[in-house]
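One letter stands for each residue in the lines below.
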Amino acid sequence: LGIPRGGVEVAFNIANTLKVSLSIIVTKKIGHPFESEFAIGAVSPGNNYMIEGNYVKEAGEEYIKNTVKEINEEIKRRYKEYTKGKMPQLKNKIVVVVDDGLATGYTMFAAIKYIKSKSPKKLIVAVPVASQDSFEKVKQIADEVVCLHVPAFFAAVGAFYQDFAQLEDEEVKFYLEQAKKCT
């Protein structure tokens, strides 16, 4: 399962190498009300969300309620756009969840929580790069974690890529279609 958008490209390469099917798990960060790029939590399918305790009061209940509602609509839109609304069946399966990296890790934590609610046989997290803090937290809740690089200094995921251009919807759909041809 790739986390759109960037995680789908990484997941495509893993699925292609392993000759396994590819799907998505759509989670989206909740940005701080005064700095949208700064994640304070994340939303997963089914109106589920998590938010860092200290930020609940700072952001305010109304902001969280409205933001979670907006993000849920975007999650539904992405499933409709990418998979015609079909959710992957995860019960008793070995699930590898992939993102392009872990900064705060909130979108991955939300993905893990959702996937675990679907009773997989095993849950493996795979990322190219992660902050030390997020890596340690993910190791505590996933069955297995594969991470290529956990640097001593971590500022942003994009700093570890030569080209960190945002994938568009069409590119995500392309990778999902190409993956069908590889299995």
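Computed from a predicted model, the values in this text were never measured in an experiment. (Residues numbered from 1 in each chain as written. Predicted model: local features only at pLDDT ≥ 70, side-chain atom pairs only at ≥ 80, totals over all residues. Heavy atoms only, no water.)

Visitor: So what exactly am I meant to see when it comes to the sheet that holds strand E3 (residues 48-51) here?
Guide: Sheet strands pair by backbone hydrogen bonding; their relative direction is either parallel or antiparallel. On the basis of which strands lie adjacent, the open sheet formed by 3 strands has the order E1-E2-E3 and antiparallel pairing. Edge positions in the open sheet fall to strand E1 (28-32) and E3, since each of these has one partner strand only. Each strand axis lies, on average, 45° off the axis of its neighbour in the sheet, ignoring direction. In this structure, E1 lies alongside strand E2 (residues 35-44), joined through 5 bridges in antiparallel fashion. Paired with Lys29 across the two strands is Ala42, which belongs to E2. Running at roughly 150° to E1, helix H3 (residues 61-83) makes contact with E1, E2 and E3 of the sheet. (Pairing = 2+ DSSP bridges. Helix = DSSP H or I, 4+ residues; strand = E, 2+ residues; numbered from the N terminus. Axes fitted to C-alpha atoms, helices over the stretch in contact; angles between N-to-C directions. Contact = heavy atoms within 4.5 Å.)

Visitor: Can you help me understand the nonpolar core in this one?
Guide: Soluble, globular proteins show a tendency: their nonpolar side chains are buried together. In terms of nonpolar packing, the biggest core is built from 52 residues, with Ile25, Val97, Met108, Ile115, Val125 and Val138 touching the most fellow members. For this core, the leading source of residues is helix H4 (residues 106-116), giving 8 residues. Residue contacts for Ile115: discarding those within four places in its chain leaves Leu1, Leu90, Val95, Val97, Pro120 and Leu123. (Core = buried A, V, L, I, M, F, W, Y, C linked by side-chain atoms within 4.5 Å. Buried < 20%, exposed > 50% of the residue type's maximum accessible area, 1.4 Å probe, protein only.)

Visitor: What is the right way to look at the sheet that holds strand E4 (residues 94-98) in this model?
Guide: One open sheet accounts for 3 strands, arranged E4-E5-E6; its pairing is parallel. Of all strands in the sheet, those bounded by a partner on one side alone are E4 and strand E6 (144-149). Between one strand and the next, the sheet's axes are offset by a mean angle of 15°, whatever the strand orientation. Where E4 meets strand E5 (residues 122-129), 5 bridges bridge the pair, whose relative direction is parallel. Considered in E5, the bridge of Val96 is made with Ile124. Lying on the sheet, H4 is in contact with E4 and E5; it crosses E5 at an angle near 165°.

Visitor: I keep staring at the packing of helix H1 (residues 6-18) against helix H6 (residues 169-182) and nothing clicks. Help me out?
Guide: The relative placement of two packed helices comes down to the angle between their axes together with the axis-to-axis distance. Packing of H1 against H6 leaves a shortest axis separation of 10 Å and a crossing angle of 5°. Compared by their axis directions, H1 and H6 come out roughly parallel. Between H1, through Val8, Glu9, Phe12 and Asn16, and H6, the contact on the second element is made entirely by Val172, Tyr175, Gln178, Ala179 and Cys182. Looking at the contact of H1 with H6 residue by residue, the class counts come to 6 nonpolar, 2 polar and 1 charged. (Parallel < 35°, antiparallel > 145°, perpendicular 65-115°, else oblique. Nonpolar A, V, L, I, M, F, W, Y, C, P; charged D, E, K, R; others polar.)

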